[in-house]
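# Descriptive analysis of the structure
Read off the chains here:
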Amino acid sequence: MSHIRRILTIISLLAAACAARGQNAEALFAHYWAMPTVYNPAATGSTDFIRIRGGARLQWLGIHNAPKSFTGAADMPVRIGKQRIGVGVTAMQEGLGLFSNLNLGVQASYKLKLGKGILSIGVQGGYYNSTFKGSEVELPDDDDFHEGSDEAIPTQDLAGNSMDVSAGLWYEHPAFYVGISGLHLTDPVVRMSLEGSESTETQEYETKLSRTLYFTAGSNIQIKNTLFELQPSVIAATDLHDFTGQVDLRARYNRFLSLGVGYRYQAGISVSLGAEYKNFFLGYSYEYPLSAIAKASSGSHEIVAGYQLKLDFSQKNKNRHRSIRIM
């Protein structure tokens, strides 16, 4: 990318009307189906396990300052009296050029029996921090569009943060699941500031965290008289201006090995491999770009690992205990 184009990209990201992709706090992982709570707080506690997942996505390898995303999520069910709820935490850190964004969330969900499945209503309180390395901005001497002293181009490091709220619905059925969520419902504005180099006045810049709607669905189809299962899934996201999404089809053998293919809307095709052993999970995905970016990048790589621990909610041993006496 030329210096001029890089500068224009920086300015557009700092403006309130910049592209939605640069303002969303969540990177869309190819393993979204393995980390549902990252995109929907109502998915917390949807199994009888303590679930821990962590992943890294390296996008568009071969391009300088290409996006790099890291995420972690943990959730579990909790029984309060006769009522079961879900609780969880999420964290995502993403580098986008000279930007670095951190998104943290604390989640809870309330569950209701509905038909043969469970309907969950979830909420999330979030903290978002964004930094910009203005000290690394490069202004070429032969740039006819901007001067080195242009105040619209920060040349010192910026930082800002904001709080926000998210919510979602999640329905878990023995044969399928479906969810819808709204993240960053308060549409928060992040005010980024720096200390002026020649005065004590504080310069401020603004960026906006876009309100984003997510739809997620998937199923588990047992192939009769075999050890194979088909697991189709889909995720879609929009801020009502831009749209992204992915559809996948995975085949799992003996609840151990899995192989899948996926298509990301107007972006790329992917292949994924996964393995499950006892309580451990490991997955890898490679995505080949379908756009002109393929001329500069060899593709995107992603790896996700996790662990889960079964919880016992039975009441049969509630009042039993073991007493040891030394005579």
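Preceding this paragraph is the structure being described.
So, here is what we can say about the structure in this document. (Residues numbered from 1 in each chain as written. Predicted model: local features only at pLDDT ≥ 70, side-chain atom pairs only at ≥ 80, totals over all residues. Heavy atoms only, no water.)

Moving on, we come to the overall build of the protein chain. A count of helices and strands for the protein chain gives one helix and 17 strands. Per-residue burial over the protein chain gives 42% buried out of 327 residues. Taking contacts inside the protein chain between residues at least 6 apart in sequence as the whole, the part at least 24 apart equals 56%. (Helix = DSSP H or I, 4+ residues; strand = E, 2+ residues; numbered from the N terminus. Buried < 20%, exposed > 50% of the residue type's maximum accessible area, 1.4 Å probe, protein only. Contact = heavy atoms within 4.5 Å.)

Glancing now at the side chain of His173. If you trace the backbone, His173 turns up in the loop between strand 6 (158-172) and strand 7 (176-183). Side-chain polar atoms of His173 contact the backbone nitrogen of Ala175, separated by 3.0 Å. Discounting residues that sit within four places of it in the chain, His173 has contacts with Lys116 and Gly117. (Polar contact = N/O pair within 3.5 Å; in protein donor to acceptor, adjacent residues only side chain to side chain.)

Enumeration over the complete set of coordinates arrives at ten salt bridges. The shortest N-O distance in the salt bridge between Asp48 and Lys310 comes to 3.7 Å. Linking Asp48 in the loop between helix 1 (3-14) and strand 1 (49-61) with Lys310 in strand 17 (residues 299-310), this pair joins segments that are 262 residues apart in sequence. Note that Arg252 is salt-bridged to Glu229, the shortest N-O span being 3.0 Å. Separated by 23 residues along the polypeptide, Arg252 in strand 13 (residues 243-253) and Glu229 in strand 12 (residues 228-238) bring together distant segments of the chain. Each member of the pair Arg252 and Glu229 is classed as buried. Each of the salt bridges in this network shares a partner with another, and the network as a whole consists of Arg57, Arg264, Glu287 and Glu302. (Salt bridge = Lys/Arg side-chain N within 4 Å of Asp/Glu carboxyl O.)

Here the focus is the environment of Asp239. Mapping Asp239 onto the fold places it in the loop between strand 12 and strand 13. What makes Asp239 buried here is its relative accessible area of 12%. The spatial distance from the C-alpha of Asp239 to the C-alpha of Tyr214 is 9.1 Å, given a sequence separation of 25 residues. Within the local environment of Asp239, its side chain forms a polar contact with the backbone nitrogen of His241, the two atoms lying 2.9 Å apart. Reaching out from Asp239, the side chain makes a polar contact with the backbone nitrogen of Asp242 at a distance of 2.8 Å.

Scanning all chains against the criterion turns up eight aromatic pairs. With a centroid separation of 6.0 Å and 80° between ring planes, the pair formed by Trp33 and Phe281 is classed as edge-to-face. Residue Trp33 is found in the loop between helix 1 and strand 1, and its partner Phe281 is found in strand 16 (residues 280-289); the two are separated by 248 residues along the sequence. When the ring of Tyr39 is compared with that of Tyr214, the centres are 5.3 Å apart and the planes differ by 45°; the resulting orientation is tilted. Residue Tyr39 is found in the loop between helix 1 and strand 1, and its partner Tyr214 is found in strand 10 (residues 212-219); the two are separated by 175 residues along the sequence. The class for Tyr39 is buried, based on a relative accessible area of 2%. Take Tyr214: its relative accessible area is 4%, and that puts it in the buried class. Here Arg250 stacks its cationic end above the ring of Trp33, 3.7 Å away from the centre of that ring. Residue placement shows Lys310 over the ring face of Phe49; its charged tip is 5.1 Å from the ring centre. (Phe/Tyr/Trp six-rings, centres within 6.5 Å; stacked < 30°, edge-to-face > 60°. Lys NZ or Arg CZ within 6 Å of the ring centre and 35° of its normal.)

What follows covers the side chain of Thr44. When you line up the elements, Thr44 lands in the loop between helix 1 and strand 1. Here Thr44 is in contact with Thr37, Asp75, Gly86, Val87, Gly88, Gln107, Ala108, Ser109 and Lys111, once residues within four sequence places are set aside.

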